[in-house]
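Spelled out, the chains give:
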Amino acid sequence: MEQEPRKNELMKRFELSLEGNLALLDYREEGEYLVFTHTFVPPELRGKNVAARLTKFALDDARRLGKKVVPQCSYVATYMERNQEYRDLRADS
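This section reports on the structure supplied with the text.

Rules and cut-offs
- Residues numbered from 1 in each chain as written.
- Predicted model: local features only at pLDDT ≥ 70, side-chain atom pairs only at ≥ 80, totals over all residues.
- Heavy atoms only, no water.
- Pairing = 2+ DSSP bridges.
- Helix = DSSP H or I, 4+ residues; strand = E, 2+ residues; numbered from the N terminus.
- Axes fitted to C-alpha atoms, helices over the stretch in contact; angles between N-to-C directions.
- Contact = heavy atoms within 4.5 Å.
- Parallel < 35°, antiparallel > 145°, perpendicular 65-115°, else oblique.
- Polar contact = N/O pair within 3.5 Å; in protein donor to acceptor, adjacent residues only side chain to side chain.
- Buried < 20%, exposed > 50% of the residue type's maximum accessible area, 1.4 Å probe, protein only.

**Comments concerning the sheet that holds strand β1 (residues 6–8)**
Right, on to step 1. One open sheet accounts for 5 strands, arranged β1-β2-β3-β4-β5; its pairing is mixed. Edge positions in the open sheet fall to β1 and β5 (68–71), since each of these has one partner strand only. Averaged over all adjacent pairs, the angle separating strand axes in this sheet is 30°, with direction ignored.
Right, on to step 2. Across 4 bridges, the pairing between strand β4 (residues 33–40) and β5 is parallel. By the bridge assignment for β5, Tyr33 is matched with Lys68.
Right, on to step 3. Across the sheet, helix α1 (residues 50–65) lies against β1, β2 (13–18), β3 (21–30), β4 and β5, angled at about 145° from β2, the strand it touches most.
Right, on to step 4. Running over the sheet, helix α2 (residues 74–82) touches β3, β4 and β5 and is turned about 125° from β5.

Okay, here's the thing in structure tokens:
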């Protein structure tokens, strides 16, 4: 059974646990903004679309909450550029 991403509000991060490893997308809340600060995928999980799954989950959460996104993390910024359906979430758009 494949694990789904989840939001860990206490630690201010999105998580995806696979194969005994934990991938993370850190964020902080600033009023109407979610600032995505860092994405980490363990070497064992790289190349398996894990960062993309986490980012999509996090962006969908931002949309559900009515928040704008500040993509300080380069991965999130690139993901948003490549996936135009999230363009409207970008705080500087």
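**Topic: the packing of α1 against α2**
Right, on to step 1. At a closest axis distance of 10 Å, the pairing of α1 and α2 adopts a crossing angle of 75°. Judged by the angle between their axes, α1 and α2 are roughly perpendicular. Of the residues in α2, those in contact with Ala51, Ala52, Thr55, Lys56 and Leu59 of α1 are Tyr75, Val76, Tyr79 and Met80.

**Considerations on the environment of Gln84**
Right, on to step 1. Examined against the element boundaries, Gln84 turns out to sit in the segment after α2.
Right, on to step 2. Taking the C-alpha atoms as reference points, Gln84 and Arg28, 56 residues apart in sequence, are found 23 Å from one another.
Right, on to step 3. Side chain to side chain, Gln84 and Arg87 meet in a polar contact 2.9 Å long.

**Things to note about the side chain of Asn8**
Right, on to step 1. Checked against the element boundaries, Asn8 lands in strand β1.
Right, on to step 2. There is a polar contact of 3.2 Å between the side chain of Asn8 and the backbone nitrogen of Leu10.
Right, on to step 3. Setting aside residues up to four positions removed in sequence, Asn8 forms contacts with Arg13, Glu15 and Tyr27.

**A look at unusual backbone geometry**
Right, on to step 1. Of note in the backbone geometry, Lys12 takes a positive phi value of approximately 55° without being a glycine.
Right, on to step 2. Along the chain, Lys12 turns up in the loop between β1 and β2.
Right, on to step 3. For Lys12, a relative accessible area of 33% corresponds to the partly exposed category.
Right, on to step 4. Of note in the backbone geometry, Asn49 takes a positive phi value of approximately 70° without being a glycine.
Right, on to step 5. Within the secondary structure, Asn49 is located in the loop between β4 and α1.

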